[in-house]
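In case you want the letters, here they are:
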Amino acid sequence: MTALRIILADQLSESMPSLQGLDTAQDTVMLCEVMEEARYVPHHPKKIAFLFSAMRHFAAGLEASGVRVRYIKLDDASNTGSFTGEVQRAAKELKSSRLIVTEPSEYRVLDMMNGWQKNLGIPVEILSDTRFLATHAEFDAWAQGKKQLRMEFFYREMRRKYAILMQPDGKPSGGEWNYDKENRKPPKVGMTSPPRLSHKKSAITKDVLALVKDNFSHHFGTLEPFYYAVTRKQALMELDHFVTHILPHFGDYQDAMVAGEPYLYHSLLSSYLNAGLLLPLEVCQKAEAAYRASKAPLNAVEGFIRQILGWREYIRGIYWHFMPEYGQRNTLNATHPLPDFYWGANTHMFCVAESVRHTRDHAYSHHIQRLMITGNFALLAGLDVKAVQAWYLAVYSDAYEWVEMPNTLGMALFGDGGVVASKPYAASGKYIHRMSNYCEKCTFNPDEMTGETACPFNALYWDFLVRHEEKFRRNQRMPYVFSTWDKFTPEKQKAIRAQAALSLQKMAEGIL
Ligand SMILES: Cc1cc2nc3c(=O)[nH]c(=O)nc-3n(C[C@H](O)[C@H](O)[C@H](O)COP(=O)(O)OP(=O)(O)OC[C@H]3O[C@@H](n4cnc5c(N)ncnc54)[C@H](O)[C@@H]3O)c2cc1C
Ligand code: SF4
């Protein structure tokens, strides 16, 4: 029985179920770079380079351990350019009698794989992805019969399941499940990011950079300098660096934003976790060990572990629980075209321009920039949910639909009708002013609601709420919002709405 074992670009872990029980005499492992995947959204050049280089290093590692590998490069003359085309070609040429693959992370690819058995005429075994910490069945059982799927309660189940940050008496470490009240301080004046690792480019990476430059220079984003980890060894160095030097302050400044500082105290581990170079359980356990050795405080460690054991697993659960119908939702009927400033065109809004600059240069911006700057603006301005999702999917090196979609459509845009977020993450310039130093550098004034120099977020915030009053007035998590609006005089309300309309018009004209 000659098996063709497929490894996808985000399955770069030796523990992949599709690699278990491999017969080195008979089986072949296949990885391929295909244009169809690299171009279905215009992925950031750094993201493509990271994945191709990591795939090539992973394949080289397998080969060095005696595994037969079929690696198809993007520019191989016979590359068909499509994933199914390459699987078909390999199965035929290698006379494979069965195909073994681990379930993909995206619905679109699963759909494609479900067609393979029929197309290829050989058995196709699709195995569960054991790297995730909750199975689909576990999430579905947890979600069953619940009116609201709150991450916090799911997270507690996961803490118990993996005995992470738990006391012997079954209570959470320190007595509380969540230490967020100690987290999320505004930035200190003059705050900078701690130094980060920069990985030396191997010959493989240099080849990939040349290939990406030739084929994807027209995509949004700068390719070089390129400093990403591309091997498991380097990703483990990233983890070690984070836990030793940065984790102790993670919680404190989780929501802070500082001009010129894209990383602050964030881990930068999502790309490595999502591609498989790091495993979520090992990351959580390493952070827990730092707490147990008194090297990082509980508020930081709990806050970090919650992101991975809680949010990351919950988001994946939501995706698979509600797909494919989830992807068609647009509860707030948001339809405005995405303005060019998301792709780097000029805008006077410093916060947006700065977040887009970080994105362009690093294929990264941290959670609060994604949620409260680019996401918040898209929410308030009613930008088309599909266009916004396509943007997030393209521009971040950690972006795959399973994690991007619930975060964008659900958390940032409230477009899933309140599955992920119990209230919209809508905020005026006041919030951005409190949590960043952006407003000091902006031509707009966060304290003004109307007029030439008024911060556009302010009027857009109220306009958004009033536009969707029917949905939000009775929301129990927004008790004072509408009572504040009701206290404004009719003239003030009218002026605010006119200001919002003017901002939307300027956005459409490309002069906001
Ligand atoms: C609109 C929007 C789009 C997003 N798109 C993606 C995406 O495509 N891919 C992606 O991995 N994350 C996405 N996120 C979640 C989050 O912003 C990123 O995981 C995080 O910014 C990655 O940077 P970091 O590794 O420094 O994270 P840290 O802040 O250091 O957090 C630690 C880890 O927790 C996990 N995590 C934290 N928050 C989330 C979350 N909400 N969902 C899933 N995992 C989380 C990540 O694995 C991350 O590496 C998105 C968030 C928003 C608001
Ligand atoms: S004033 Fe408004 S637009 Fe300018 S940086 Fe602050 S929040 Fe952003």
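As a reminder, the structure under discussion sits directly above these lines.
Now for a description of the structure that goes with this document. (Residues numbered from 1 in each chain as written. Chains lettered and ligands numbered in written order. Predicted model: local features only at pLDDT ≥ 70, side-chain atom pairs only at ≥ 80, totals over all residues. Heavy atoms only, no water.)

**Concerning the site of ligand 2**
For clarity, the cut-off: Throughout, the term near means that a residue has one or more heavy atoms lying within 4 Å of the molecule or strand in question. Any residue outside Ala, Val, Leu, Ile, Met, Phe, Trp, Tyr, Cys, Pro, Asp, Glu, Lys and Arg is labelled polar, Gly included; the first ten of those are nonpolar and the last four are charged.
Every residue close to ligand 2 is listed here: Met349, Cys351, Gly429, Ile432, Tyr438, Cys439, Cys442, Phe444, Pro446, Cys455 and Phe457. Grouping the constituent residues of the shell around ligand 2 by class yields ten nonpolar, one polar and no charged.

**Section: the packing of aromatic side chains**
Rules: Note on aromatic pairs: the rings of Phe, Tyr and Trp (six-membered ring only in Trp) are paired at centre separations within 6.5 Å, and the planes decide the class, stacked below 30 degrees, edge-to-face beyond 60, tilted for the rest. Relative accessibility thresholds used throughout: buried, under 20% of the residue-type maximum; exposed, over 50%; partly exposed, between the two (1.4 Å probe, protein chains only). Remark: a charge is flagged as sitting over a ring if the NZ atom of Lys or the CZ atom of Arg is within 6 Å of the ring centre and within 35 degrees of the ring normal.
On inspection of all chains with the given rule, the structure shows 35 aromatic pairs. When the centroid spacing of 6.1 Å and the interplanar angle of 90° are considered together, the rings of Phe242 and Phe250 count as edge-to-face. Phe250 matches Phe242 in its accessibility class, with the two residues each being buried. With a centroid separation of 5.1 Å and 70° between ring planes, the pair formed by Tyr461 and Trp462 is classed as edge-to-face. Aromatic rings pair up to connect Phe341, Tyr342, Phe377, Trp391, Tyr392, Tyr396 and Phe457 into one cluster. The ring of Phe132 has Arg316 sitting right over it, with the charged end atom 3.9 Å from the ring centre.

**So, unusual backbone geometry**
Keep this limit in mind: In this text, helices come from DSSP runs of H or I with a minimum length of four residues, and strands from runs of E with a minimum of two, each type numbered from the N-terminal end.
The omega torsion of the bond from Glu224 to Pro225 falls at 5°, within 30 degrees of zero and hence cis. For Pro225, the location among the structural elements is in the loop between α8 (203-216) and α9 (232-246). The residue after Met323, namely Pro324, is reached through a cis peptide bond having omega 5°.

**Here's the deal with helix α13 (residues 350-362)**
Residues spaced three or four apart along an α-helix point in a common direction, a consequence of the helix completing one turn every 3.6 residues. We count it as follows: For a helix, the expected span equals 1.5 Å multiplied by the number of residues minus one. Note on definitions: a residue-residue contact is assigned when non-hydrogen atoms from the two residues lie within 4.5 Å.
Its 13 residues give α13 an end-to-end C-alpha distance of 18 Å, which sits within 8% of 18 Å, the value for a rise of 1.5 Å per residue. Of all 13 residues making up α13, ten are buried, and the element is well covered by its neighbours. All of the buried residues along α13 are Phe350, Cys351, Val352, Ala353, Glu354, Ser355, Val356, His358, Thr359 and His362. On the buried face of α13, the contacting elements are α2 (45-64), α14 (367-381), α15 (385-395), α17 (429-435) and α18 (456-467). Downstream of α13 by one or two residues, Ala363 has phi in the positive range, about 55°.

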